[in-house]
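Residues per chain, in single letters:
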Amino acid sequence: MLFAQAVVGSLAAILLLLFFSPMGSVSWYLLTRPLIQPYASLGYSLAGSVPLSAVLPIILIAIAFTNRLWQANYIILTRHILPIYLLLYFSSLSFLTTPSYVLSLGHCLKICTAISLYILVYNSIKDDRSINRLLWIYLLCAIIPMLYGYYQFVTATGHAWKGAYYAGRRVDSLLMEYNAYGEFLCIAICAGLMLFFRGNSPRRRWLVGSFLLSLIASLVLSLNRGSWICLLAALLAAAPLYRKTINVPLLIGLCLLVLLAASPVLYQRFMELTVATEFGTKNTLGGRIAAWQSLFPLIGEHPLIGSGIGAIEPILTRTIGAAYAPHNDYIRLIIEGGILTFLAYIWFHLHNIVDNIFRDRYRLWQINYPLLVAIFYFASLSFFQNIIYNVVVFPMFTGLLALGHKADALARQAETATK
C-alpha cells in the first residue's frame, strides 16, 4: 500500500507541475493512467476513503477547467461534447434516488474525466506537429501494457490477481479485466491508423505498422469476441464512406489475412460458445440477453431521473437479490440515470457519426476514417459492455474525438485563410 501511494504521489506531483500545460498534462495522464489501474482493481485508497486511482483524474479535472481562467481562446464546450455535459447533468439528478452517494459521485467523476480529457486535447492541438505528438502518445501508452500482456501469456498468469483459479493465457494486462484491455487496444489501434495514414516516409510507416501488428496480436490474445466483431465491423462499415481514398478490396483482403493468421485462436474462442457447463453453456451473449430482459422492469421505477448513476449493483441487490453488471451501456444508463441520460448518450454517438459523414470528410481522411471507425466501435460495443464507465478507455475515446474535431477546425481555418 505504501509503495502504491508513493507511486501515485510521484505521478500526481509531476501532473501538478504540468498544471499550466494542456499538452503536457494530457500526455502525462494518457501515459501513466493505465499503469495504476491495478491499484483501482485492488481497492487501494488514500486516507482510508479516497480511491488511490482517483487522484490523477481529480487533478486532471482541475487542470482542464481552471486553465480557462488565464488562457485566451480556451474552449471548454463544443457541440460535439455538449451531449456528455447534458448526460452528466441529467445523471446527477439521480442523486435524489441513489442508494449510494459514494458510487454515484465516483461515476460522475469518471464522466467528468472524459470531458476534461476532451477539453485538454482540444486546446492542446495547435498544428500538425501537436496532432502527431498526441497520436504518438496514444501508441506509447500501450507499450508497457502490451509487454506485460505478453508476459502474462507466456507465463499463463493472465487475470491471476483474482486468484490461482482464474489464472491462464487469456491476458488482461494492467487493465486487470479482459474486456477493458480489449477496449483499450482498439482505441489505440484507431489512433495508430491515423498516424499510419499520416506517415510521410516509409520508415515511419514501417514503425507505426509494427506497432499496429503488436496491438492486433495483443487484441487476439485478450480473447475479446465483442471487440473483435465490433472493430472488424466498424472498419468495414466506415470504409465505403471513404472509398475514394480507402481501397476497400485491399482492406477486406488484409482483414481476411489477419483472420487467417489468428484462425486457431479465433476458432477455439468461438467454439467455446457451444461448450456445456454446470450452469448451461459458455454462450455469454445468451446470458446477457436474459439478464437484460430481467432488468427492463427496473426502468419503470424512476423513468425520468433514474435510480442512481453508477449504483446498479446495490439497485439489483435491493430489487432482485443479486448483483451483476448489465454489460450494456444503454440499458444501464436508462436504469441508473433515466430516459434523459439515455437520450443524451444516443445523441452523443449519433451527432458524431452524422458530423463525420456529412462534413467534408476527405479534407482530412487520414484522421476522419479511423475516427469514424472508433465511433462505430464504441457505439456498437456499448450494446455489449459498460464501456462508458471505464475511466481509462472512455477518456481515451473522447480525447481521440477532440483530436479529430480540432484537426478539422484547423483545416477549415486554413482553407478560409487562403481564399
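Placed above this text is the structure.
Anyway, here's the lowdown on the structure attached to this text.

### Some words on the overall build of the protein chain
Stage number 1. Secondary structure assignment for the protein chain yields 18 helices and four strands.
Stage number 2. Against the globule reference of 22 Å for 419 residues, the protein chain gives a C-alpha radius of gyration of 21 Å, in line with a compact fold.
Stage number 3. Its C-alpha atoms give the protein chain principal-axis dimensions of roughly 65 × 55 × 45 Å.
Stage number 4. Burial statistics for the protein chain: of 419 residues in total, 53% are counted as buried.
Stage number 5. Within the protein chain, contacts between residues separated by at least 24 positions form 74% of all contacts whose residues are at least 6 apart in sequence.

### Regarding the packing of aromatic side chains
Stage number 1. Scanning the model with the defined rule gives 24 aromatic pairs in all.
Stage number 2. Relative to Phe394, the ring of Phe348 lies with its centre 6.5 Å away and its plane at 85°, an arrangement referred to as edge-to-face. Highlighted residues: Phe348 in helix H16 (residues 329–358) and Phe394 in helix H18 (residues 393–418), separated in sequence by 46 residues.
Stage number 3. The interplanar angle of 55° and the centroid separation of 6.5 Å between the aromatic rings of Phe383 and Phe384 together place this pair among those described as tilted.
Stage number 4. Relative accessible area serves as the criterion here: at 30%, Phe384 is assigned to the partly exposed category.

### A look at the packing of helix H8 (residues 143–155) against helix H10 (residues 202–221)
Stage number 1. Packing of H8 against H10 brings their axes to within 10 Å, and their N-to-C directions diverge by 45°. By the angle between their directions, the pair H8 and H10 is classed as oblique. Our pair here, H8 against H10, has a crossing hand that is left-handed. Where H8 abuts H10, its residues Ile143, Met146, Tyr150 and Phe153 lie against Phe211, Ser214, Leu215, Ala217, Ser218 and Leu221.

### Some remarks on the pattern of salt bridges
Stage number 1. With the rule as written, the count across this model stands at nine salt bridges.
Stage number 2. Here Glu177 ties to Lys162 by a salt bridge, and the two come within 3.9 Å at their closest N and O atoms. Here the residue Glu177 occupies a position in the loop between H8 and helix H9 (178–197), and Lys162 occupies one in the loop between H8 and H9, the gap between them amounting to 15 residues.
Stage number 3. Given a relative accessible area of 33%, Glu177 falls into the partly exposed group.

### Observations regarding the nonpolar core
Where a protein is soluble and globular, its nonpolar side chains tend to be buried together.
Stage number 1. Counting residues in each nonpolar core, the largest one holds 134 residues, and the members touching the most others are Phe184, Tyr369 and Leu400.
Stage number 2. Looking at this core, the element that brings in the most residues is H9, giving 14 residues.
Stage number 3. Setting aside its immediate chain neighbours within four residues, Phe184 contacts Pro34, Cys141, Ala142, Pro145, Leu175, Val392, Val393 and Met396.

### Describing unusual backbone geometry
Stage number 1. Phi angles above zero are rare outside glycine, and His159 is one such case at about 65°.
Stage number 2. Inspection of the secondary structure assignment puts His159 in the loop between H8 and H9.
Stage number 3. On the accessibility criterion, His159 (4% relative accessible area) is buried.
Stage number 4. Of note in this structure, Met176 is not a glycine but carries a positive phi near 70°.
Stage number 5. By the element assignment, Met176 lies in the loop between H8 and H9.

### Observations concerning the state of the cysteines
Stage number 1. Applying the stated criterion across every chain yields a total of zero disulfides.
Stage number 2. Cys112 provides the cysteine sulfur closest to Cys108, a residue in no disulfide bond, and the two sulfurs are 6.8 Å apart.
Stage number 3. For Cys108, a relative accessible area of 8% corresponds to the buried category.
Stage number 4. Not engaged in a disulfide, the cysteine Cys255 finds its nearest cysteine sulfur in Cys190; these two sulfurs lie 12 Å apart.
Stage number 5. By relative accessible area, which is 11% here, Cys255 ends up buried.

### Topic: the environment of Leu340
Stage number 1. With respect to the helices, strands and loops of the structure, Leu340 is situated in helix H16.
Stage number 2. Taking relative accessible area as the criterion, Leu340 reaches 30% and is therefore assigned partly exposed.
Stage number 3. Distance from Leu340 to Gly306, taken between C-alpha atoms, is 9.0 Å for residues 34 residues apart in sequence.
Stage number 4. In contact with Leu340, other than residues within four places in its own chain, are Phe90 and Leu304.

### Structural notes on empty space enclosed by the protein
Stage number 1. The tally for this structure, following the rule as stated, stands at one cavity of 30 Å³ or more.
Stage number 2. Considered as a void within the structure, the largest cavity measures approximately 40 Å³ in volume.
Stage number 3. In terms of residue class, the lining of the largest cavity is built from eight nonpolar, no polar and one charged.

### Considerations on a nonpolar patch on the surface
Stage number 1. A surface patch of nonpolar side chains, about 360 Å² in accessible area, is lined by Leu46, Val50, Ile58, Leu105 and Leu109.
Stage number 2. The exposure class of Leu105 is partly exposed, given its relative accessible area of 47%.

### Side note on the layout of surface pockets
Stage number 1. Reported here for the second largest pocket is a volume of approximately 1,100 Å³.
Stage number 2. What lines the second largest pocket is a set of 32 residues, among which Leu193, Ile216, Leu251, Leu254 and Val258 lie closest to the centre.
Stage number 3. At the level of secondary structure, the elements contributing two or more residues to the lining of the second largest pocket comprise H9, H10, helix H11 (225–238), helix H12 (248–261) and helix H13 (263–271).
Stage number 4. Considering each element in turn, the lining of the second largest pocket owes the most residues, nine residues, to H10.
Stage number 5. Of the residues contributing to the lining of the second largest pocket, the split by class is 27 nonpolar, four polar and one charged.

Cut-offs and rules
Residues numbered from 1 in each chain as written. Predicted model: local features only at pLDDT ≥ 70, side-chain atom pairs only at ≥ 80, totals over all residues. Heavy atoms only, no water. Helix = DSSP H or I, 4+ residues; strand = E, 2+ residues; numbered from the N terminus. Rg over C-alpha atoms; globule rule 2.2 N^0.38 Å. Buried < 20%, exposed > 50% of the residue type's maximum accessible area, 1.4 Å probe, protein only. Contact = heavy atoms within 4.5 Å. Phe/Tyr/Trp six-rings, centres within 6.5 Å; stacked < 30°, edge-to-face > 60°. Axes fitted to C-alpha atoms, helices over the stretch in contact; angles between N-to-C directions. Parallel < 35°, antiparallel > 145°, perpendicular 65-115°, else oblique. Left-handed = near helix turned anticlockwise from the far one by under 90°. Salt bridge = Lys/Arg side-chain N within 4 Å of Asp/Glu carboxyl O. Core = buried A, V, L, I, M, F, W, Y, C linked by side-chain atoms within 4.5 Å. Disulfide = S-S within 2.5 Å. 1 Å grid on protein atoms, 1.4 Å probe; cavity = no way out; pocket = protein on both sides within 12 Å on 5 of 7 lines; lining within 4 Å. Points joined across faces, edges and corners; volume = space filled by probe spheres on them. Nonpolar A, V, L, I, M, F, W, Y, C, P; charged D, E, K, R; others polar. Patch = residues over 30% accessible without salt bridge, like charges linked within 9 Å, V, L, I, M, F, W, Y side chains within 5 Å. Areas by Shrake-Rupley, 256 points an atom, 1.4 Å probe, with all protein chains shown as cover.

Keep in mind these values describe shape, not function.
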